[in-house]
Amino acid sequence: MYLNTLSTHLKAVCGEKLYRLGLSCAGTCPNRDGTAGTGGCAFCAAGSGSFAQSCTVPVGVQIERAKAAVAAKFRGSRYIAYFQSYTSTHVAPEKLEASLREAAERDDIAVVSVATRPDCLGSEVTDILARVARIKPVWVELGLQTVHDGTAAMFNRCYPTVLFFDAVRRLDALGLPVVAHLILGLPGETEDMMAQSIDEVCRAPVSGLKLALLHVLRGTPLEALYRQGRVPFYTLEAYADLLCSLLPRVPASVVLHRLTGDGNKRLLLSPLWSADKKRVLNTLHRRFLEKNVVQGSFFQKSIDNGCY
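Here the structure is a predicted model, which means the values were calculated and not measured.

What follows concerns the nonpolar core. One finds Leu 129, Phe 164 and Leu 209 to be the most contacted residues of the largest nonpolar core, which totals 71 residues. Looking at this core, the element that brings in the most residues is helix H9 (residues 236-246), giving seven residues. Not counting chain neighbours up to four residues away, the residues in contact with Leu 129 comprise Leu 100, Val 114, Leu 121, Val 138, Val 140, Leu 171 and Leu 176. Residues Ala 152, Phe 155, Val 216 and Leu 222 belong to the second largest nonpolar core, which totals 13 residues.

Printed below as a string of structure tokens:
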């Protein structure tokens, strides 16, 4: 089968490889500061921005620091400005627009990517995103994680799934591509439930999909469940087989941005195998070929910028 990976997509639309720079413009989320709830998502440490720059530093300085941090492994000239930490649009509108514009107006930034939630996408915010998109392409990354509201309540997402699909329709109407985030292996979810999440998301007008396996990180509410033995986990081989089962459900029109995700090694409790990226890549490569999920050249075309 054909998988539309991020690397292939970027080469087609941008003409070159790009590297994500983890940036910040927000310091909290609505399910942390009491707007929608408190405590944050149960699996989340540091607003999912453990590898991002601090929002207390000007965006231009963040970009230069992030470029320096990846200089040894990326020799390209342009980047994706990824506003990753917490809920990027959960800030004053003037701060949001200034931050995004500062990134978008730079010659070394090809794309601005904004991580947020569907309950933080009012008309004032979407108007800002649309204005910035006149300067550079803007991707909106939405942390859905699952379409099942029961699971979402368990991990304290603090918004109903229907808001996600409403936000996707509104963003699509403005010409703003949406990258949906899903987590595989959430407690209580079966493979059929994960397949349903992928099916429903891919039927919506999303342009991209990020899949991650569930990580347990120190200092998160999920850690307590893990210590009690209430968080089941896949072995690497079982996770590879899960992907082999689920990936054929993703249409070629949807760009695959990620298939595993990385947890902060200093905080990672489980699964520890996920920290060995070379082993993960080799195992996925072997399993995908064995199961005829992809062609043999898939990894060579996607590893550098791709979805792993």
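Once you've had a look at it, read on.
Interaxial distance between helix H7 (residues 191-203) and H9 falls to 11 Å at its minimum, and their mutual angle equals 45°. Classed by the angle they form, the pair H7 and H9 counts as oblique. As H7 runs across H9, the sense of the crossing is right-handed. Seen from H7, the contacting residues are Glu 191, Met 194, Ala 195 and Ile 198; seen from H9, they are Leu 242, Ser 245 and Leu 246. Split by residue class, the contact of H7 with H9 holds five nonpolar, one polar and one charged.

Attention shifts here to the packing of aromatic side chains. Within this structure, the stated rule accounts for six aromatic pairs. Here Phe 43 and Phe 155 contribute two aromatic rings whose centre-to-centre distance is 5.2 Å and whose plane-to-plane angle is 55°, an arrangement assigned as tilted. Of the two residues, Phe 43 sits in the loop between strand E1 (19-23) and helix H2 (59-70) while Phe 155 sits in the loop between helix H5 (149-154) and helix H6 (161-173), which places them 112 residues apart along the sequence. Accessibility expressed as a relative area gives 1% for Phe 155, which makes it buried. Each ring, one from Phe 74 and one from Tyr 79, has its centre 5.3 Å from the other, and the planes form 65°; the classification is edge-to-face. When sorted by exposure, Phe 74 lands in the same class as Tyr 79, which is buried. Put simply, the rings of Tyr 19, Phe 74 and Tyr 79 pair up and form one aromatic cluster. One cation-aromatic arrangement involves Arg 157 over Tyr 159; the distance from NZ or CZ to the ring centre is 4.3 Å.

Attention now moves to the sheet that holds E1. The seven strands lie next to each other as E1-E2-E3-E4-E5-E6-E8, forming an open sheet whose pairing is parallel. Only two strands of the sheet have a single partner each, and these edge strands are E1 and strand E8 (255-258). Averaged over all pairs of adjacent strands, the angle between strand axes in this sheet comes to 25°, irrespective of strand direction. One ladder, built from three bridges, connects strand E6 (residues 208-213) with E8; its direction is parallel. The residue bridging Lys 210 from the neighbouring strand is Arg 258, located in E8.

Side-chain pairs of opposite charge can arise whenever the charged atoms involved come near each other. For the structure shown, the criterion picks out 18 salt bridges. Glu 97 is the salt-bridge partner of Arg 101, the closest N and O atoms lying 3.1 Å from each other. Of this pair, Arg 101 and Glu 97 both sit in helix H3 (residues 93-104), separated by four residues, roughly a single helical turn. Residue Glu 97 is classed as buried on the basis of its relative accessible area, which comes to 15%. For Asp 149, the salt bridge identified is with Arg 157, shortest N-O distance 3.2 Å. Among the charged side chains, a network of salt bridges with common partners joins Glu 64, Lys 67, Arg 106 and Asp 108.

Here is what the cut-offs are and how they apply
- Residues numbered from 1 in each chain as written.
- Predicted model: local features only at pLDDT ≥ 70, side-chain atom pairs only at ≥ 80, totals over all residues.
- Heavy atoms only, no water.
- Core = buried A, V, L, I, M, F, W, Y, C linked by side-chain atoms within 4.5 Å.
- Buried < 20%, exposed > 50% of the residue type's maximum accessible area, 1.4 Å probe, protein only.
- Helix = DSSP H or I, 4+ residues; strand = E, 2+ residues; numbered from the N terminus.
- Contact = heavy atoms within 4.5 Å.
- Axes fitted to C-alpha atoms, helices over the stretch in contact; angles between N-to-C directions.
- Parallel < 35°, antiparallel > 145°, perpendicular 65-115°, else oblique.
- Left-handed = near helix turned anticlockwise from the far one by under 90°.
- Nonpolar A, V, L, I, M, F, W, Y, C, P; charged D, E, K, R; others polar.
- Phe/Tyr/Trp six-rings, centres within 6.5 Å; stacked < 30°, edge-to-face > 60°.
- Lys NZ or Arg CZ within 6 Å of the ring centre and 35° of its normal.
- Pairing = 2+ DSSP bridges.
- Salt bridge = Lys/Arg side-chain N within 4 Å of Asp/Glu carboxyl O.

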